[in-house]
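Coordinates in review
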Amino acid sequence: MTSTAPISPDIARAFAPAGVLRASINLGNPILANRDKASGEPVGVSIDLAQALAGRLGLPIELVVFDKAAQSVDAVKNGAADIGFFAIDPARGEGLRFSAPYVLIEGSYLVPQGSALEHNDEVDRAGTRVAVGSGSAYDLFLTRELKQATIERVASAPAVLAALLAGQVEVAAGIRKLLEDWAQQHAALRLLPGRFMVIQQAMGLPADRGADAAAVLADFVEAMKASGFVADSLRRHGIVGGTVAPPSA
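Rules of the game
Residues numbered from 1 in each chain as written. Predicted model: local features only at pLDDT ≥ 70, side-chain atom pairs only at ≥ 80, totals over all residues. Heavy atoms only, no water. Helix = DSSP H or I, 4+ residues; strand = E, 2+ residues; numbered from the N terminus. Buried < 20%, exposed > 50% of the residue type's maximum accessible area, 1.4 Å probe, protein only. Polar contact = N/O pair within 3.5 Å; in protein donor to acceptor, adjacent residues only side chain to side chain. Salt bridge = Lys/Arg side-chain N within 4 Å of Asp/Glu carboxyl O. Phe/Tyr/Trp six-rings, centres within 6.5 Å; stacked < 30°, edge-to-face > 60°.

1. Looking at the side chain of Ser136
Structurally, Ser136 can be placed in the loop between strand E8 (129–133) and helix H4 (137–145). By relative accessible area, which is 12% here, Ser136 ends up buried. Separated by 2.7 Å, the side chain of Ser136 and the backbone oxygen of Gly133 make a polar contact.

As structure tokens, this is what we get:
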């Protein structure tokens, strides 16, 4: 199926049984979504993609907005939203169908200037506490990967920064671009070089919407990457720190 093939009413109903495409939006990831400073309305690549998909399906759009990734995922899993924008992770797979990624985001570590840590592979040591947003892609990944360091789960990205500044943890983990901004704002902090993970941001829908709807979503994402839509959206919103994912194999 190509992105220009007609969408049947049955497919549109599979996506949005209530007749409105409800898109779960996570404001906790500034690469994907933010609030417009003038209007306060959500803006970003995830909103642009949601609106484009609604237009493709011939459906009105409703944005269901959350401050945390875990809340956004749960909304799609429990039927409070029809589509969402998630980091692909095995721990999130149950009950969802993912597209291939549309954006890649680096995950990095932030430490105090006086920290003895110089490289990412030094973080996993006994006695090292790492702050992450609870339920975030970093939380899920580091829960599997860290064997000696302790993960300190907090409510939000600002809480991650607060924990590091207060000395409650030795390391903060998160989106590289966000951590870079924090390091520029706080001279007492520095970013470790490189990255510890690459986050694959994809679109997803409830698994019970069926294979045909999942195929249409997958095709839509590939078309949006290939057409330059995703790259243009990132540019228009002034986003750095995220790159367009390559075509699906």
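2. As for the pattern of salt bridges
What the rule picks out here adds up to 16 salt bridges. Glu170 serves as the salt-bridge partner of Arg129, at 2.6 Å between the closest nitrogen and oxygen. Of this pair, Arg129 sits in strand E8 while Glu170 sits in the loop between helix H5 (157–165) and strand E10 (171–175), and the two are 41 residues apart along the sequence. Across the salt bridge formed by Asp208 and Arg209, the nearest N and O atoms sit 3.7 Å from each other. Looking at Asp208, the relative accessible area reads 67%, which means it is exposed. The exposure class of Arg209 is buried, given its relative accessible area of 13%. Overlapping salt bridges, with partners in common, bring together Arg22, Asp82, Asp208 and Arg209 in one network.

3. A short note on the packing of aromatic side chains
Per the counting criterion, the structure on display carries 5 aromatic pairs. Seen in terms of ring centroids, Tyr109 and Phe196 are 4.3 Å apart; in terms of plane orientation they differ by 15 degrees. Their pairing is stacked. Pair noted here: Tyr109 is in strand E7 (residues 103–112) and Phe196 is in the loop between strand E11 (189–191) and strand E12 (197–206), with a separation of 87 residues, a long-range link. The same class applies to Tyr109 as to Phe196, namely buried. Through a chain of ring-to-ring contacts, the aromatic side chains of Tyr109, Tyr138, Phe141 and Phe196 assemble into a single cluster.

The values reported here are purely geometric and, on their own, carry no functional implication.
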